[in-house]
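Examining the three-dimensional arrangement
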Amino acid sequence: MSQVSMRIWRGDANGGDFETYTVDKQEGEVVLDVIHRIQATEAPDLACRWNCKAGKCGSCAAEVNGKPRLMCMTRMDQLPEGDVTVTPMKTFPIIRDLVTDVSFNYAMAERVPALLPPPMPEGGYRMFQEDVERGQEFRKCIECFMCQNVCHVIRDHEENKAHYAGPRFFIRYAELEMHPLDQNDRRELAQEVMGLGYCNITKCCTEVCPEHIKITDNAIIPLKERVVDAKYDPVAWLGRKIRRGSKRSATDAQVQPAP
Amino acid sequence: MTTATVTEHHDYDVLIIGAGGAGLRAAIEAKQRGLKVGIITKSLLGKAHTVMAEGGMAAAMGNVYEEDNWQVHFRDTMRGGKYLNNYRMAELHAKESPERVWELEQWGALFDRTPDGKILQRDFGGHRYARLAHVGDRTGLELIRTLQQKVVSMGTDVFMECKVLRLLHDANGSVAGCVAYWRPSGEFVTFSAKAVVLATGGVGKSWKFTSNSWEGTGDGHAMALWAGAELIDMECIQFHPTGMVWPLSVRGILVTEGVRGDGGVLRNSEGERFMFNYVADMFRAETADSEEEADRWYDDHAAGRRPPELLPRDEVARAINAEVKAGRGSPHGGVFLDIASRRSAEFIRRRLPSMYHQFMELAGVDITREAMEIGPTCHYIMGGVKVDADSAATKVKGLFAAGEVAGGMHGANRLGGNSLSDLIVFGRRAGMGAADYIEGGATRGGFDQGEVDKAIADALAPFTREKGENPYDIQRDLQEMMQANVGIIRNGAEVDAAIEALEVLTERANNIALSGGRQYNPGWNLATDLPSMLTVSKCTARGARDRKESRGGHTREDFPGTDAQLATVNIAHTTTSGDWRDAITTTQIPLLAMPADLKALLEEGK
């Protein structure tokens, strides 16, 4: 049976190095299978985060040969011949080995003002398929945070994390903005507090999305356009001033009352 | 390394263990009652096994078939469960699930729509009408994200990657909290609470071929048993008929029942649509007896009877198993699930996007052009903690349970789509039950420090041994043993062998040796999951031994029929000392007696 050398980064916040494990190749295996085999034999303490092993939960993101991938959906036989290198996502602080501290994303999630729908009529809301489809695309997001990982605004500039929500949350803002029931207006918040303007549309996020969400074209660009509309449309401006716009202006971390 | 003190402690009114659909829904309810709520999860928030649910959540909203109502849903659920269900749970579930689904829309869920803008509902096995609210084939993700976002917007404390070791009691014997450790740091933490809700999901990780993630180790089942609660129906395990079988590394990954609901059919190696040969008498009157009749049904349920592919899951899984045994299986030991020859590529990609994706990327199979190879996979446990239907209360004061960890709702076999609705109906009721209990005067007292010390000493013991067992070896041996002896078809000799083997595995698990530190150490994490896995496996094997009949998710080849006496009882398990190594007592307890009006509903259309 032929073998493959896995170069896996091992260490913690204090530093680390690559360790090489040579394992048998088995038909149809994905990178996560190989990691599991190494855990079960040579290195029971090799840290790796995973859950569903079916591309649905987004837990096992790492960088395989330098590219962000879900380890459970990356087949070994589709990688180039030679050693396979596995490293943790670069943008987030290391906990141990392949596991990173992704709490930045959860902190950003807490700052998204909730949906504000009108009261529900008897027998449920009426919404049409074409109106929910735009939001449904963004709700496919499995929160693997690979888009956040590759976004150079925070990958290369740690200091931007304080004022930049990142692509995962721009699709969330876009989803709520396009939600047929929502009455909140988060455009100013997205632009002024969440750093939408920092995104210069390099589409790195879209390229790595395992759900093939068109993050830049379908979420970020339309969101930027809506921000511009809100800013320069004198009617919308007046509406905001006299607080009679169709949407309520939501602020950072504003917690909405339960409907 | 071998000694540890607890340096962190938290106080809550309601503590929820598990952050899947049931746990999050319970948290929302308790929070809305003004209580201080904490949620503990072994993983990150939003990764719970609920995300794996594909097809939808069953609720008799009547959006597609106006004839649908709670009475029909109740009847379908009881028949699917082979009447072993806690009737009151099935009744509440059928009555309340529409409200729970509509409520999700107020929190941001975006379901697929009917042409007139209502929530679209799809067909599934065992449901008389198209009843499953869904979003393509990723309904579980929609549920978890909606509840997650709601919980976060309410400002709830969530302890992520925190593993609970055991429940703690106060001086009166009420459950008063728990002891846990943080996976990232390995540090121990205690929690005090006036009420604890278990929402820990299932047990599937004890089988070799399973759709369950690593988390499905039965922690809540086991902790409830150790804490003094009863487990029932643990022999009733659902083997989902359609899991992937190839490549081997993905064997067990779920293929949604929605494939069959949307027109997919099962064929053997001879191309025969074999399910027509496996229609049990109980379902004959409502099942099509020709392909032509079955095919008419998809477009108009009045024009023909249901296709046999949409029989309840236990029936379909047994049929597949029999075809493979008879030598008519697919090359990799399954059968064929064919939608490619029956629906357009565009339809398949729109209705089943993640199935398309999953087969394309993992197996190199284009399901719009080729049939899928599938076979049964361990998917769900119907059994669980015995609870009061209305309040989700267990027999231990202060302890509640909801979702897969609770038993009774689904009887001997769960219908597809009834799980997600179970989570939101009984998650809410557990939150209500806990809140009512607290408003009734429950206080937060201390807890038994001895229980804390013992749990920590147990957890750390593997680090004290120079030499011993590898936890991964024990897990593998457990999975292979349970797959072989307590799988889809069982017999007395194999079940007895399993009961003996579990004692040997317990001894081995008592002798694990580990290296490395406590910080995010998966070997150690597994070592602390094994006591739960072994405990629930013992209950399953003992239940399988004592239920000398075949019913739903429990099939005995030596007792192929049903038994009139066993039809009236749950098999229940208890333990006395709270130690995971100790003996389990197994008895029969009578089913809840059903009122006459509900009995009459079951007679209709029989």
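Bear in mind that the values here come from a model prediction, so they are computed numbers and not experimental data.

A closer look at the overall build of chain B
Helix and strand counts for chain B come out as 17 helices and 19 strands. Taken along the three principal axes of its C-alpha coordinates, chain B extends 70 × 50 × 50 Å. In the structure as shown, chain B presents an accessible area of about 18300 Å², 49% of it carried by carbon and sulfur atoms. Computed over 68 positive and 82 negative side-chain charges, the separation of the two mean positions in chain B equals 1 Å.

Quick look at the packing of helix α15 (residues 492–509) of chain B against helix α16 (residues 522–546) of chain B
For any two helices packed against each other, one specifies the crossing angle of their axes together with the interaxial distance. All names here are of chain B. Running from amino to carboxyl end, α15 crosses α16 at an angle of 165°, the nearest separation of the two axes being 9 Å. Overall, the two elements α15 and α16 adopt an arrangement that is roughly antiparallel. Viewed along their axes, α15 and α16 form a crossing whose handedness is left-handed. Here V495, D496, A498, I499, L502, E503, L505, T506 and A509 of α15 come into contact with α16, specifically with L534, S537, K538, A541, R542, A544 and R545.

With respect to the side chain of B:S330
All names here are of chain B. Note that S330 resides in the loop between α9 (313–325) and β13 (335–338). At 2.6 Å, the side chain of S330 forms a polar contact with the side chain of E373. Apart from the residues lying within four places of it in its own chain, the contact partners of S330 are V335, F336 and E373.

Some remarks on the interface of chain A and chain B
Facing 63 residues of chain A, the contacting portion of chain B comprises 64 residues. Carbon and sulfur atoms supply 54% of the area buried between chain A and chain B, which totals about 5300 Å² over both sides. As a salt-bridge pair, B:R145 and A:E143 come within 3.7 Å of each other at their nearest N and O atoms. The tally of links between chain A and chain B comes to 37 residue pairs in polar contact (both at pLDDT 80 or more). Per-element tally for the side of chain A that touches chain B: the top contributor is helix α3 (residues 129–139) of chain A, with five residues. Residues belonging to the side of chain A that touches chain B are distributed by class as follows: 34 nonpolar, 12 polar and 17 charged.

Quick word on the state of the cysteines
All names here are of chain A. Throughout the structure, instances matching the rule amount to zero disulfides over all chains. Left without a disulfide partner, C144 is nearest to the cysteine sulfur of C147, which lies 6.3 Å away. A relative accessible area of 8% places C144 in the buried class. Note on C151: no disulfide assigned, nearest cysteine sulfur contributed by C199 at a separation of 6.5 Å. Accessibility expressed as a relative area gives 9% for C151, which makes it buried.

Looking at the domain arrangement of chain A
All names here are of chain A. Domains assigned within chain A are domain 1 (3–100) and domain 2 (103–249). Here domain 1 and domain 2 have C-alpha centroids that lie 32 Å from each other. Facing 14 residues of domain 1, the contacting portion of domain 2 comprises 18 residues. When the buried area of domain 1 at its contact with domain 2 is split by residue, P68, T91 and F92 rank highest and sum to 47% of it. Where domain 1 packs against domain 2, one counts two salt bridges. One salt bridge connects R155 with E63, and the closest N-O pair in it is separated by 3.0 Å. Viewed at the interface, domain 2 and domain 1 are joined by five residue pairs in polar contact (both at pLDDT 80 or more).

Things to note about the pattern of salt bridges
All names here are of chain B. Inspection of every chain in the model, using the stated rule, returns 83 salt bridges over all chains. When the shortest N-O distance is used, the salt bridge between D13 and R444 registers 3.7 Å. Here the residue D13 occupies a position in strand β1 (residues 8–17), and R444 occupies one in the loop between α12 (418–439) and α13 (449–464), the gap between them amounting to 431 residues. Taking the shortest distance from any N to any O, the salt bridge between D477 and R508 comes out at 2.9 Å. Here R508 lies in helix α15 and D477 lies in helix α14 (residues 471–485), a separation of 31 residues in the sequence. Overall, D477 belongs to the partly exposed group, its relative accessible area being 23%. Through salt bridges with shared partners, one network takes in R25, E29, R88, E91, K95, E96, R100, E103, D390, R428 and R429.

Observations concerning the domain arrangement of chain B
Residue and element names in this part refer to chain B. As far as domains go, chain B holds domain 1 (239–378) and domain 2 (459–566). For domain 1 versus domain 2, the distance between C-alpha centres works out to 30 Å. At the interface, seven residues of domain 1 touch nine residues of domain 2. Buried surface at the junction of domain 1 and domain 2, both sides included, amounts to about 580 Å², of which 64% is carbon and sulfur. Of all residues in domain 1, F239, R318 and N321 give up the largest surface area on contact with domain 2, accounting jointly for 72% of the area buried on that side. At the junction of domain 1 and domain 2, the tally comes to zero salt bridges. At the boundary of domain 1 with domain 2, the tally comes to two residue pairs in polar contact (both at pLDDT 80 or more). In terms of residue count, the dominant contributor to the side of domain 1 that touches domain 2 is α9 (five residues). In the side of domain 1 that touches domain 2, the residues fall into three nonpolar, one polar and three charged.

Focus: the pairing of strand β5 (residues 84–87) of chain A
Residues and elements named next belong to chain A. What you see with β5 is no split at all: V84 and V86 on one side and T85 and T87 on the other are buried throughout. Across three bridges, the pairing between strand β1 (residues 3–12) and β5 is parallel. Residue pairing across strands places R7 opposite T85, the latter belonging to β5. Note that strand β3 (residues 61–64) and β5 share two bridges and pair antiparallel. Within the sheet, the bridge partner assigned to V64 lies in β5 and is V86.

Calculation criteria
Residues numbered from 1 in each chain as written. Chains lettered and ligands numbered in written order. Predicted model: local features only at pLDDT ≥ 70, side-chain atom pairs only at ≥ 80, totals over all residues. Heavy atoms only, no water. Helix = DSSP H or I, 4+ residues; strand = E, 2+ residues; numbered from the N terminus. Areas by Shrake-Rupley, 256 points an atom, 1.4 Å probe, with all protein chains shown as cover. Lys, Arg positive; Asp, Glu negative; His and termini not counted. Charge placed at Lys NZ, Arg CZ, Asp CG, Glu CD. Axes fitted to C-alpha atoms, helices over the stretch in contact; angles between N-to-C directions. Parallel < 35°, antiparallel > 145°, perpendicular 65-115°, else oblique. Left-handed = near helix turned anticlockwise from the far one by under 90°. Contact = heavy atoms within 4.5 Å. Polar contact = N/O pair within 3.5 Å; in protein donor to acceptor, adjacent residues only side chain to side chain. Buried area = accessible area lost by both parts, 1.4 Å probe. Salt bridge = Lys/Arg side-chain N within 4 Å of Asp/Glu carboxyl O. Nonpolar A, V, L, I, M, F, W, Y, C, P; charged D, E, K, R; others polar. Disulfide = S-S within 2.5 Å. Buried < 20%, exposed > 50% of the residue type's maximum accessible area, 1.4 Å probe, protein only. Domains from an automatic or database assignment. Pairing = 2+ DSSP bridges.

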